[in-house]
Amino acid sequence: MSSASKSQVPLVILGAGVIGLTIAYIAACDSDVAFDIMIVARDMPGDWDSQAWASPFAGASWSPHQLGATDERVRRWEQITFDRLWEMAPSGLVKRTPSKILGETDDILSAMWWKDLVHDFRLLSESEIPAPYKAGIAFNTITINPTEYLAWLRSELESRGVVFRRQYIRSLDEVKPVVGKSGLLVNATSLGSRSLIGVEDAAMHPIRGQSIVVESPGLQEFISVRSGGGLSERVTSIIPRPGLTQRDTALLNGTHEIGNWDTSLDMSAAKGIFERCSVLEPCLQEEGTKILRHNVGLRPERKGGPRVEVEHISLPLKRSDGLAPYVSEDVDEEQQNLTVIHAYGMGAAGYQRSWGVAAEVVSLLKENVQAGY
C-alpha cells in the first residue's frame, strides 16, 4: 500500500534547527507511515542573524567528541550521519576535507574510538607535527555551510508538503490544538527545552562559542588544536566550508565557555581567535583574506548527555503550584495523553549526529503509531 493511500498521522515538530529539520526530512520520506508534518518554531532557516538558535552559527563539521568513546548509541548516530553526509558531497552541500588534529600532549591518542568511522585515518609522523605540539592525527572528514544546508533542507521539506509555522511555543499546552487528538509531537527545541513549560529540563545549559567567518582561498584543510584530551575554554580550529553561492570561506573557531549566556561580541576574543588561527595557517595574514562576519552562538549542551526518548504527557498540564499558564477558551479542556519524542541536548555535535538521531526518532514515532498512541 502506498503512503498516499494510508490515513495520515499528524506530526508536529517543535524546532527548526538541524535536528528538527532532519527528523522532518526522514519522516516525510518514510514509505510505511504517511506523516502530515508541521514544523513550529520561532526561528527558521532564513533567520541567519537571530542568536536565539544555534544552527546558523555552528562549526557544522565532523570532529571527535569524548562522548562517542563511552556511549554506543552516540557512536551509532555519528557513523550514520558521517556516512550520509559523505555521500552528499557531490551535491556541493558537503565538502570532503583533509583534516588534522594537533595535541599539546599525547592525550589525544588515548581515545581514538573514531578511527574507523572517518576516512584515511593515520597518525602523523614526528616530522609532520609542528612545534609546540606533541602528537597529531590526520584523516578525511566532512564540513558543511550551515546557511546553504539549512536552506536546502527547508526547500526539500516544502517540496514534500511540510508546513512551516512561525510561533513561539512557551508551554506544551499551546501545541494541543495543533497536534489534535491523534497526533504526535517531537520536541527538538534544544536550549529552549530548559524553559519550555511541561519539559523544563534544568540539565540544559549553554556553551558560548565565538567564531569568525573569513574568505581565504588558501584554507583547504580542517585543523583543530586540542589541549589535553578535551576542549579548553579557548579552542582553536579552522573549518573550510563548501560553497554553492560563495566559495573559499572558512570558520575560525573560537571559544568554548560552559554556562556563559552572553551573546554579545567580544572583539578582544576575536583578536585572539584570528591570531591563533594565523599561527596554524599563515595565509590568513595575506592581503586577500576578507573578514566576512563575526559569530556568537550558544551550543545547547545537556548534563548527562543528549535526550532522545519517548514521554507520554497528559494535557492540559496540571501543576501543584497552580502556575500553568492560561490557555485560550477556544482550547479543549478535556484531558488527553500526548506522545512526545524528545530530541535535544547535542551540544556542539548537532550536525554530526543529525541523521542518526533523526533515524532513531522516526523509528520511535513509527513504534508509537503501531502501538496506537
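See the structure printed just above.
Quick notes on the rules
- Residues numbered from 1 in each chain as written.
- Predicted model: local features only at pLDDT ≥ 70, side-chain atom pairs only at ≥ 80, totals over all residues.
- Heavy atoms only, no water.
- Pairing = 2+ DSSP bridges.
- Helix = DSSP H or I, 4+ residues; strand = E, 2+ residues; numbered from the N terminus.
- Axes fitted to C-alpha atoms, helices over the stretch in contact; angles between N-to-C directions.
- Contact = heavy atoms within 4.5 Å.
- Phe/Tyr/Trp six-rings, centres within 6.5 Å; stacked < 30°, edge-to-face > 60°.
- Buried < 20%, exposed > 50% of the residue type's maximum accessible area, 1.4 Å probe, protein only.
- Lys NZ or Arg CZ within 6 Å of the ring centre and 35° of its normal.
- Parallel < 35°, antiparallel > 145°, perpendicular 65-115°, else oblique.
- Nonpolar A, V, L, I, M, F, W, Y, C, P; charged D, E, K, R; others polar.

Chemist: Explain the sheet that holds strand β7 (residues 184–187) to me, please; I cannot follow it from the model alone.
Modeler: Whether parallel or antiparallel, the strands of a sheet pair through hydrogen bonds between backbone atoms. Strand order in the open sheet made by the six strands is β6-β2-β1-β7-β15-β14, with mixed pairing throughout. Edge positions in the sheet fall to β6 (163–166) and β14 (307–315), since each has one partner strand and no second. The mean inter-strand angle of the sheet, taken between neighbouring strand axes irrespective of direction, is 25 degrees. With four bridges joining them, β7 and strand β15 (residues 336–344) adopt parallel strand pairing. Residue pairing across strands places Asn187 opposite His342, the latter belonging to β15. In this fold helix α6 (residues 350–371) packs onto β1 (9–14), β2 (35–41), β7, β14 and β15, with an angle of close to 35 degrees to the strand it touches most, β14.

Chemist: Is there a simple way to think about the packing of aromatic side chains in this case?
Modeler: Each aromatic ring pair is specified by the distance between its two centres and by the angle formed by the two planes. Using the criterion set out here, one finds ten aromatic pairs in the structure. Look at Tyr25 and Trp152: their rings are 5.8 Å apart centre to centre, the planes differ by 35 degrees, and that puts the pair in the tilted class. Taken as a pair, Tyr25 in helix α1 (residues 18–28) and Trp152 in helix α3 (residues 146–159) lie far apart in primary sequence, 127 residues in all. You can call Trp152 partly exposed: its relative accessible area is 21%. With a centroid separation of 5.2 Å and an interplanar angle of 80 degrees, the aromatic rings of Trp114 and Phe121 are classed as edge-to-face. Taking the relative accessible area as the measure of exposure, Phe121 reaches 22% and is therefore partly exposed. Every member of this aromatic cluster is reached through a ring pair, and the members are Trp62, Phe82, Trp86, Trp113, Trp114, Phe121 and Phe139. Directly above the aromatic system of Tyr168 lies the positively charged group of Arg42, at a separation of 4.8 Å from the ring centroid. For Arg84, the ring lying beneath its charged end belongs to Trp355, and the centroid distance is 4.0 Å.

Chemist: Looking at this structure, I do not really get the pairing of strand β11 (residues 249–253). What am I missing?
Modeler: In summary, the side chains of a regular strand alternate between the two faces of the sheet. β11 sits mainly inside the fold: five of its five residues count as buried. Taking every second residue as pointing to the same face, both faces of β11 are buried, with Thr249, Leu251 and Asn253 on one and Ala250 and Leu252 on the other. Relative to β11, strand β8 (residues 204–215) runs antiparallel, the two being bridged by five bridges. Of the residues in β11, the one forming a bridge with Ile212 is Leu252. As paired elements, strand β10 (residues 236–240) and β11 share four bridges and run antiparallel to each other. Bridged to Pro240 within β11 is Ala250.

Chemist: Quick question: what am I supposed to make of the packing of helix α2 (residues 72–87) against α6 here?
Modeler: For any two helices packed against each other, one specifies the crossing angle of their axes together with the interaxial distance. Closest axis-to-axis distance for the α2/α6 pair is 6 Å, and the angle between their directions is 105 degrees. One element, α2, and the other, α6, form an angle in the roughly perpendicular class. Listed contacts from α6 to Arg73, Val74, Arg76, Trp77, Glu78, Ile80, Thr81, Arg84 and Leu85 of α2 are Tyr351, Gln352, Arg353, Ser354, Trp355, Gly356, Val357 and Glu360. Residue composition of the contact of α2 with α6, by class: seven nonpolar, four polar and six charged.

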